[in-house]
Amino acid sequence: MSQCPRLLLIDMTPMVGAAATSALKRAYFGDWPRNALLHLYCPEAGVIGLGLARGKTWIAPSPGALEDIIRSFDPQVILYRPVAEQPQLHEFAMGLAFSMRAPLALWLMDDWPARLEEADPAVFARMDADLRRLFRRSSFNLAISDKMSAAFERRYGAAFAVARGGVDMERWPIRKRRHDDVIHLRYAGSLAPDMTRSSVLDIAQSVARLSARGEHVALDIRTMPHWLEVYGELFMGLAGVTISPSNMSEAAYRQWLCDADIVVAAYNFDAASQRYTQYSFANKTPELLASGAAVLAYGPSVLETISILSQSGAAIHVDRRSPEDLDQAIATLLGDDDLRARLGARGREAASRLHRISDQREMVRRRLSDLARRAGAPDTSGVRPLDWILDRHGELHVNSRPIRRFATAIAIRFPGLSRAFRSVKRRLRGGRP
């Protein structure tokens, strides 16, 4: 296993939580040494937080303190996932990228620039200029799929390696045959209007129609709480359909998928959704295959995720928005136990052969380590542990948003009280770093 350099990871989503980008970061960096990873993210709009490799989260009381913490950490490599949604984090990241000596790596996971160009040309022009500056500065770039890598190389004139989602097959239980007479479809993911909402609703309505005809079928949907709050009512009252928040542990989520008869990938057919998602590789793609359930893929063939599932031999694919075609595909899966078993077996074989995360994780670790070595990264023995660095700046380990806001307000308004608290804390710890 390659050595892990001191990594400053800048990405707006935390490493904890159900978001796909959170799960992907855990897959790549969850076992990073505790004192070798510092993560800048956005716990809420306009706020920059700090995370460690083991999921501990902090909040910075001021930009000045945050910069002091980062320079004390003295990263050997900076890995940044630029997006337009959090301008404060982006501006801070741009400053770090061009003021620190550490080599820069970039990671893009969807084609948000194409979406932004259509939605807000003025903001796009500024972000595009920043992106092109970042690519000239970066030494290593990651894309989420082969298709994205090829397209972005043409667009930005930069080389890309591919780092996408994958699975550790030993963590996925063997699927057991259900004993009830209901065939369960399961969908986990977003209900974003420019990605998935319309197609997930199409599937829910198809299940309701089939249920009304006497089919023993159910669709279980798990989604992020904010999508449930905004769009949950669209699914309420549909026969055979349940929707709930995705608040399961990773182990429970894997078991939930493995207990399904049919797992679902769904993407919208409209032009805006296709423009945004065409190069993306959904983190759940290898998870659906690893579940051992049959896959229903509903979406345009031009999308990378749908194309990979369609070519896996594990899916029935509906490639146009047609209620009749969708009803027929689901009915076919409902009526053929052997077909579902064959598709599920092919899925596990494809996940094991093509989508193991370990190889990709080692590639990224090796390339980041090589960057640090070639840049002449200094010896790490003199670098203070992260806990000592954070304690020195009065950061409080808190998880509740109200508590975080209160702690931040106290630190900003009463710096003397904050310093006194830190002094007492250090004395209680015996002055240990």
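Residues numbered from 1 in each chain as written. Predicted model: local features only at pLDDT ≥ 70, side-chain atom pairs only at ≥ 80, totals over all residues. Heavy atoms only, no water.

Chemist: Give a detailed account of the overall build of the chain, specifying residues and quantitative values.
Modeler: On a plain count of helices and strands, the chain comes out with 18 helices and 14 strands. Per-residue burial for the chain yields a buried fraction of 54% across its 433 residues. Considering only contacts within the chain whose residues lie at least 6 apart along the sequence, 75% involve residues at least 24 apart. Accessible area for the chain stands at about 18900 Å²; split by element, carbon and sulfur atoms hold 52% of it. (Helix = DSSP H or I, 4+ residues; strand = E, 2+ residues; numbered from the N terminus. Buried < 20%, exposed > 50% of the residue type's maximum accessible area, 1.4 Å probe, protein only. Contact = heavy atoms within 4.5 Å. Areas by Shrake-Rupley, 256 points an atom, 1.4 Å probe, with all protein chains shown as cover.)

Chemist: Account for the pairing of strand E12 (residues 262–266), with residues named and values stated.
Modeler: Among the five residues in E12, five count as buried, and that is most of the element. Of the two faces of E12, the one lined by Ile262, Val264 and Ala266 and the one lined by Val263 and Ala265 are each fully buried. As paired elements, strand E9 (residues 183–188) and E12 share two bridges and run parallel to each other. Bridge pairing in E12 places Leu185 opposite Ile262. Strand direction decides the pairing type here: E12 and strand E13 (residues 294–298), joined by five bridges, are parallel. Looking at E13, one finds that Ile262 is bridged to Ala294. (Pairing = 2+ DSSP bridges.)

Chemist: Could you give me a rundown of the packing of helix H2 (residues 63–73) against helix H3 (residues 87–99), with the residues and numbers involved?
Modeler: Helix-helix packing is described using two parameters, namely the angle between the two axes and the distance between the axes. As a packed pair, H2 and H3 sit with axes 12 Å apart at the nearest point and diverge in direction by 40°. In the crossing of H2 with H3, the sense of the turn from one axis to the other is right-handed. Counted together, Pro63, Leu66, Glu67, Ile70 and Arg71 of H2 and Phe92, Leu96 and Ser99 of H3 form the full contact between these two elements. (Axes fitted to C-alpha atoms, helices over the stretch in contact; angles between N-to-C directions. Left-handed = near helix turned anticlockwise from the far one by under 90°.)

Chemist: Tell me about the nonpolar core, and name the residues and values.
Modeler: Formed by 71 residues in total, the largest nonpolar core has its most connected members in Ile10, Phe29, Trp32, Leu40, Ile70, Trp107 and Leu368. Of all hydrophobic cores here, the second largest spans 34 residues; its members include Leu185, Tyr231, Ile243 and Ala329. (Core = buried A, V, L, I, M, F, W, Y, C linked by side-chain atoms within 4.5 Å.)

Chemist: Let's hear about the side chain of Lys25: which residues, and what values?
Modeler: Inspection of the secondary structure assignment puts Lys25 in helix H1 (residues 20–29). Of note is the side chain of Lys25, whose polar atom sits 2.5 Å from the side chain of Thr13. Among all residues touching Lys25, those that are not within four sequence positions of it are Leu9, Asp11, Thr13, Pro14, Met15, Gly30 and His39. (Polar contact = N/O pair within 3.5 Å; in protein donor to acceptor, adjacent residues only side chain to side chain.)

Chemist: Hey, could you go over the pattern of salt bridges for me, with residue numbers and the actual values?
Modeler: Tallied over the full model, the rule gives 21 salt bridges. For Asp74, the salt bridge identified is with Arg6, shortest N-O distance 3.6 Å. Remark: Arg6 occurs in the segment before strand E1 (7–10) and Asp74 occurs in the loop between H2 and strand E5 (77–80); sequence separation between them is 68 residues. Where Arg132 meets Asp128, a salt bridge forms, and the shortest distance between an N and an O atom there is 3.0 Å. Linking Arg132 with Asp128, this pair stays in helix H5 (residues 121–137), spanning four residues, or about one helical turn. The class for Arg132 is partly exposed, based on a relative accessible area of 30%. If you follow the salt bridges from partner to partner, you end up with Arg6, Asp74 and Arg101 in one network. (Salt bridge = Lys/Arg side-chain N within 4 Å of Asp/Glu carboxyl O.)

Chemist: Help me get a handle on the environment of Ala192, residues and values and all.
Modeler: Of note, Ala192 is situated in the loop between E9 and helix H7 (197–212). The spatial distance from the C-alpha of Ala192 to the C-alpha of Trp227 is 7.3 Å, given a sequence separation of 35 residues. Residues within four places of Ala192 in sequence aside, it is in contact with Arg197, Trp227 and Asn268.

Chemist: Quick rundown of the confidence of the model for the chain? Include the residues and the values.
Modeler: Per-residue confidence for the chain gives a mean pLDDT of 86, with 84% of residues at or over 70. Predicted confidence is poor over residues 424–433, with pLDDT under 50, and the contacts of this stretch with residues over four places away or in other chains come to nine contacts. (pLDDT = per-residue confidence, 0-100.)

Chemist: Mind laying out the environment of Ala84, listing which residues take part and the relevant values?
Modeler: As for its position among the elements, Ala84 is in the loop between E5 and H3. In this structure Ala84 comes out as partly exposed when scored by relative accessible area, which is 25%. Measuring from C-alpha to C-alpha, the distance between Ala84 and Trp112 comes to 7.9 Å, with 28 residues separating the pair along the chain.

Chemist: Explain the sheet that holds strand E10 (residues 217–223) residue by residue, including any values.
Modeler: Taken in spatial order, the six strands make up an open sheet running E11-E10-E9-E12-E13-E14, and their pairing is parallel. Of all strands in the sheet, those with a lone pairing partner are strand E11 (241–245) and strand E14 (315–318), marking the two edges. In this sheet, neighbouring strand axes are inclined to one another by 20° on average, regardless of whether the strands run parallel or antiparallel. Note that E13 and E14 share four bridges and pair parallel.

Chemist: How would you sum up the environment of Ser199? Please name residues and give values.
Modeler: Assignment of secondary structure puts Ser199 in helix H7. Ser199 sits 68 residues away from Tyr267 along the chain, and the two C-alpha atoms are 5.7 Å apart. Contact partners of Ser199, with chain neighbours within four places excluded, come to Ala266, Tyr267, Asn268, Phe269 and Tyr298. A distance of 2.7 Å separates a polar atom in the side chain of Ser199 from the backbone oxygen of Tyr267.

Chemist: Summarise helix H13 (residues 323–334); cite the residues concerned and give the values.
Modeler: With 12 residues, H13 should cover 16 Å at 1.5 Å per step; its first-to-last C-alpha distance of 16 Å lies within 8% of that length. Taken residue by residue, H13 has Leu326, Asp327, Ala329, Ile330, Leu333 and Leu334 as its buried positions. The buried residues of H13 all sit within an arc of 165° when viewed along its axis, so they share a single face. (Expected span 1.5 Å × (residues − 1). Arc of directions from axis to C-beta.)

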